[in-house]
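# Notes for the structure review
Read off the chains here:
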Amino acid sequence: NTLFGPRNGYKDVAKMVIKQTINDPFIRVIRDFDKSQSHKTLSLYYLDKNGEKVSLGHPGLYVIYRKIKGKLECLYVGQSGYSIHNRVRRFMQALEGTLRHDESHPGGEWAAMDGVKSSDQLYVKVMHLDDVKSLDEEFYNDIGYQRLDEYIAVILRSKYNIRRGR
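Residues numbered from 1 in each chain as written. Predicted model: local features only at pLDDT ≥ 70, side-chain atom pairs only at ≥ 80, totals over all residues. Heavy atoms only, no water.

### Quick look at the overall build of the protein
Of regular secondary structure, the protein possesses 6 helices and 7 strands. Secondary structure elements of the protein, listed N to C terminal, follow the sequence α-β-β-β-β-β-β-α-α-β-α-α-α. The contacts in the protein between residues at least 6 apart in sequence include a share of 63% that link residues at least 24 apart. A total of about 10000 Å² of accessible surface is found on the protein, and carbon and sulfur atoms cover 48% of it. (Helix = DSSP H or I, 4+ residues; strand = E, 2+ residues; numbered from the N terminus. Contact = heavy atoms within 4.5 Å. Areas by Shrake-Rupley, 256 points an atom, 1.4 Å probe, with all protein chains shown as cover.)

Written out as structure tokens, the structure is:
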């Protein structure tokens, strides 16, 4: 309990994250062919108000969506303590069957078995770790944000999250 009532739990903070990001733009996930490297590269960035590319190489939460028949479906909710870009790249590699023997992304592998392709219209929404922390610092300082993705996955009805909060 806090001075203002009971402390927020995972579900409360998960709802805060969704509410905070609901109006954020979707970031298009694009696979480009890098002629200098002769392989596909993942272009995952957004443009700031000056039209400059901003990378997603930071820790935080991410939600991968697929646009199909004009509707968006939530495919996967994840989190990274290091780089959102790396985790989304790993999801894409799982869809393409190009994961190395020491890499895995169970949600991406499951999506691939279900017919999701990297060439589908895929989008991401993200929330920086600092922004998650600012929603409820007491929660973050006590618990961190481990497993928060599992609760968000349940609320958004994610198709390919294997572990889910209860």
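### Points about the packing of helix α1 (residues 10–21) against helix α6 (residues 148–156)
Direction vectors running N to C along α1 and α6 enclose 65 degrees, while the axes themselves pass 9 Å from each other. Between α1 and α6, the interaxial angle falls into the category roughly perpendicular. Remark: the crossing between α1 and α6 carries right-handed chirality. On the side of α1, the interface is formed by Tyr10, Lys11, Val13, Ala14, Lys15, Val17 and Ile18, while α6 contributes Leu148, Tyr151, Ile152, Ile155 and Leu156. Considered class by class, the residues forming the contact of α1 with α6 number 10 nonpolar, no polar and 2 charged. (Axes fitted to C-alpha atoms, helices over the stretch in contact; angles between N-to-C directions. Parallel < 35°, antiparallel > 145°, perpendicular 65-115°, else oblique. Left-handed = near helix turned anticlockwise from the far one by under 90°. Nonpolar A, V, L, I, M, F, W, Y, C, P; charged D, E, K, R; others polar.)

### Concerning α1
The end-to-end C-alpha distance of α1, which contains 12 residues, comes to 17 Å, matching closely the 16 Å that a straight helix rising 1.5 Å per residue would cover. Taken residue by residue, α1 has Tyr10, Val13, Ala14, Val17, Ile18 and Thr21 as its buried positions. Looking down the long axis of α1, one finds its buried residues gathered within 140 degrees of arc, a one-sided arrangement. The exposed set on the far side of α1, more than 90 degrees from its buried face, consists of Lys15 and Lys19. (Expected span 1.5 Å × (residues − 1). Buried < 20%, exposed > 50% of the residue type's maximum accessible area, 1.4 Å probe, protein only. Arc of directions from axis to C-beta.)

### Topic: the pattern of salt bridges
A full pass over the atoms with the stated rule returns 7 salt bridges. In this structure, arginine 147 and glutamate 150 form a salt bridge, with 3.4 Å as the shortest nitrogen-oxygen distance. Connected through shared salt-bridge partners, Arg66, Glu73, Asp120 and Lys159 make up one network. (Salt bridge = Lys/Arg side-chain N within 4 Å of Asp/Glu carboxyl O.)

### A few points about a nonpolar patch on the surface
Taken together, the side chains of Trp110, Met113 and Ile162 make up a nonpolar region of the molecular surface, amounting to roughly 370 Å² of accessible area. The residue methionine 113 is located in helix α3 (residues 106–113) in this model. (Patch = residues over 30% accessible without salt bridge, like charges linked within 9 Å, V, L, I, M, F, W, Y side chains within 5 Å.)

### Topic: the packing of helix α2 (residues 84–96) against α3
At a minimum axis distance of 8 Å, the contact between α2 and α3 shows a crossing angle of 30 degrees. Crossing of α2 over α3 shows right-handed handedness. Each of Phe91, Ala94 and Leu95 in α2 lies in contact with α3, whose residues at this interface are Gly107, Gly108, Glu109, Ala111 and Ala112.

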